[in-house]
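# Chain and residue survey
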Amino acid sequence: MNSLLSRVRQTAPAEPWQSIPQPVPLLNVVAQPIAPGSSTIRYVSTGITQEAEALLSQIPAPLYICAFAGFGRSGKSYTASLMRYHITGNKDYKFVSAPGNVPITHGIDMMVFENPNGPGHVVFLDCEGGANHNQTALPFVIGLAARLAARIYVFERGCFTTAGLDTVMQVINMGHATTTGKSTNITQSVVLVENMTINQEIPNEDLLNDLLNEVDGDETTNRVRSLIKQKFSLEFNKLPFDMGENQIVHAEICKEMSNILLENLIPFEVGGLDGDGNLVVQMVNELISQIRGGGNRFNMITATEALVSNMASEAANTVWVEFVAKVRKAGNHPVQVNGRKHLRTIMREVEGIATASQNELEGFIARLEPAEAAVIGRQIWERNYHNFQADLRAAYQRKADELAKYSQWTDRVNRWMREIVIQIMTAIRQFIRFARFSATLILMSNYYMWKNGINLVTSMASGAVQGVFA
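A short tour of the structure in this document, coming up. (Residues numbered from 1 in each chain as written. Predicted model: local features only at pLDDT ≥ 70, side-chain atom pairs only at ≥ 80, totals over all residues. Heavy atoms only, no water.)

### A word on the overall build of the chain
Counting secondary structure elements, the chain contains 12 helices and 11 strands. Every one of the 470 residues in the chain was classed for burial, and the buried ones make up 42%. Sequence separation of 24 or more characterises 73% of the internal contacts of the chain that already satisfy a separation of 6 or more. Accessible surface, the chain as shown: approximately 25,100 Å² in total, 55% of it carbon and sulfur. (Helix = DSSP H or I, 4+ residues; strand = E, 2+ residues; numbered from the N terminus. Buried < 20%, exposed > 50% of the residue type's maximum accessible area, 1.4 Å probe, protein only. Contact = heavy atoms within 4.5 Å. Areas by Shrake-Rupley, 256 points an atom, 1.4 Å probe, with all protein chains shown as cover.)

Take a look at the structure:
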């Protein structure tokens, strides 16, 4: 599976991802009027940024994505930067943060770094905080974080109260598709973080139990608490509020949070398989396309199905290109048919190559979920293979027709040559007969000439002798 994924979209990066300055904004968030000519604006995400796409497109699986969300001005960016420092051991990059009441993060900022404890990369998503001025974009920010991040740190200003649980409920609401009754791969682990010095002496477990106590509260509040405990693996951390006096304590807690994170890394998944950076880009674009008009509702199930279909299609096309290359190497491509090899032999050899390629594709597709969305991979392969076989038969038939025409012409020439040879041999035979007849005549003529000549000489000699003795 990983080998097949690694062969999909093999393109040379414009620049190595390590050279891209971080953090980078993940989303393009722009202010738009709610209607033409209106002075009321809303903040809308128009797509993934070029910097984020250039960075993510080079990151292979597995990816371990963590998000930092919650109330604005609660220390999310600062804590995320400090955790990254404890994980990587360097301070080369950090999220922008500053004291005051003006929010710094808009949309989602992102940093990527290598996992120091094994293969893969860790991705930090610093999300825009709640109670800021860009609230029209916040539902999408939380929903996207819920789909991408397996672990979310939810911050609240001061003590963590039931008000802070609203962000956790947003993760549930935006991360689940209510239309199908099914859930998809969304956040599995939630860490509740408060920044209040007064609770430093109380154990984190006790604070978490008090917060999620289903006895002290009205029916709605208790239902929220019960639902949160059912949906997530929960942790609790408290950071000191006064950074001046407790900076060392704050750093120690961040270090402990970093160690726990590395011990509980959960890979980013799409369709039941580990996803790479390219799938993150596709997921972001797919979700953005669902709220292109400025809405804040989207369906996680349909987004996952779209990505699974894309994965199956890309895998089918990749395997097909490699199959055609193998067939061409074996000399069995339709353009290579020359009639010297029988069609049955060609089809048998092609079928052997196709079986190996199809098994590799099937092993990949069979692991995708939902299975219905992955069917397109099989359909692409079957359509291509059917057309390829038809092209082979057509090419062989064309070559056979050409050979038949050549054979007819050859037969005609052979007939002509045979007739010419027969005529020549007949003439030779006639000439030989004539020669033999001529030789016979000559010999016979010579015989009578010699016979008569001898008789004449004999007669003359006899006459002479008789004349002498007379």
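### Overview of the environment of Ala 80
Mapped onto the elements, Ala 80 comes out in helix H3 (residues 76–88). Exposure remark for Ala 80: the relative accessible area of 0% places this residue in the buried category. Each C-alpha atom, one on Ala 80 and one on Phe 124, is 7.4 Å from the other, the two residues being 44 residues apart in sequence. Excluding anything up to four places from it in sequence, Ala 80 contacts Phe 68, Phe 95 and Phe 124.

### Some details on the side chain of Asp 126
Secondary-structure assignment places Asp 126 in strand E6 (residues 121–127). For the buried residue Asp 126, which engages in no salt bridge, the nearest side chain bearing the opposite charge is Lys 76, 5.5 Å off. Here Ser 77 takes part through its side chain, which lies 2.4 Å from a polar atom of the side chain of Asp 126. Separated by 3.2 Å, the side chains of Asp 126 and Thr 105 make a polar contact. Excluding its chain neighbours within four sequence positions, the residues that come into contact with Asp 126 are Phe 68, Lys 76, Ser 77, Phe 95, Thr 105, Gly 107, Ile 108 and Asp 109. (Lys, Arg positive; Asp, Glu negative; His and termini not counted. Salt bridge = Lys/Arg side-chain N within 4 Å of Asp/Glu carboxyl O. Polar contact = N/O pair within 3.5 Å; in protein donor to acceptor, adjacent residues only side chain to side chain.)

### Points about the layout of surface pockets
A volume near 590 Å³ is recorded for the largest pocket. Taken together, 27 residues make up the lining of the largest pocket; nearest its centre are Arg 73, Ser 74, Gly 75, Tyr 78 and Ala 98. Elements represented by at least two residues in the lining of the largest pocket include exactly H3, E6 and helix H8 (243–263). Looking at the lining of the largest pocket residue by residue, the class counts come to 10 nonpolar, 13 polar and four charged. (1 Å grid on protein atoms, 1.4 Å probe; cavity = no way out; pocket = protein on both sides within 12 Å on 5 of 7 lines; lining within 4 Å. Points joined across faces, edges and corners; volume = space filled by probe spheres on them. Nonpolar A, V, L, I, M, F, W, Y, C, P; charged D, E, K, R; others polar.)

### Here we look at the pattern of salt bridges
According to the stated counting rule, one finds six salt bridges in the structure shown. Its salt-bridge partner being Arg 151, residue Glu 235 comes within 2.8 Å of it at the nearest N-O pair. Pair noted here: Glu 235 is in strand E9 (residues 233–239) and Arg 151 is in strand E7 (residues 151–157), with a separation of 84 residues, a long-range link. Overall, the relative accessible area of 19% leaves Glu 235 in the buried class.

### A word on helix H9 (residues 277–290)
Two residues of an α-helix separated by three or four positions point the same way, owing to the 3.6 residues in each turn. The end-to-end C-alpha distance of H9, which contains 14 residues, comes to 20 Å, matching closely the 20 Å that a straight helix rising 1.5 Å per residue would cover. Among the 14 residues that make up H9, 10 are buried, leaving the element largely enclosed by the rest of the structure. For H9, the complete set of buried residues consists of Gly 277, Asn 278, Leu 279, Val 280, Val 281, Gln 282, Met 283, Val 284, Leu 287 and Ile 288. (Expected span 1.5 Å × (residues − 1).)

### Side note on the pairing of strand E4 (residues 63–70)
Along E4, eight of the eight residues are buried, which leaves the element largely enclosed by surrounding structure. Across six bridges, E4 lies against E6 in parallel orientation. The residue of E6 that forms the bridge with Cys 66 is Phe 124. Here five bridges tie E4 to E7, and the two strands are oriented parallel to one another. Across the sheet, the residue bridging to Phe 68 is Tyr 153, located in E7. (Pairing = 2+ DSSP bridges.)

### A few points about a nonpolar patch on the surface
On the surface, a nonpolar cluster with roughly 720 Å² of combined accessible area is contributed by Met 417, Ile 420, Val 421, Ile 424, Met 425, Ile 428, Phe 431 and Ile 432. Following the sequence through the fold, Phe 431 ends up in helix H12 (residues 371–469). Overall, the relative accessible area of 57% leaves Phe 431 in the exposed class. (Patch = residues over 30% accessible without salt bridge, like charges linked within 9 Å, V, L, I, M, F, W, Y side chains within 5 Å.)

### Details of the sheet that holds strand E8 (residues 189–195)
Sheet strands line up and pair through hydrogen bonds in the backbone, either parallel or antiparallel. Taken in spatial order, the seven strands of this open sheet run E1-E5-E6-E4-E7-E8-E9, and their pairing is mixed. Pairing within the sheet leaves two strands with one partner each, and these edge strands are strand E1 (24–25) and E9. Alignment of E7 against E8, held across seven bridges, turns out to be parallel. Within E8, the position partnered with Glu 156 by the bridge is Glu 194. This element, H3, spans E4, strand E5 (108–114), E6, E7 and E9 of the sheet and lies at about 165° to E6. Lying over the sheet, helix H6 (residues 204–211) contacts E8 and E9, oriented at roughly 115° with respect to E9. (Axes fitted to C-alpha atoms, helices over the stretch in contact; angles between N-to-C directions.)

The quantities given are spatial measurements derived from coordinates; they are silent on function.
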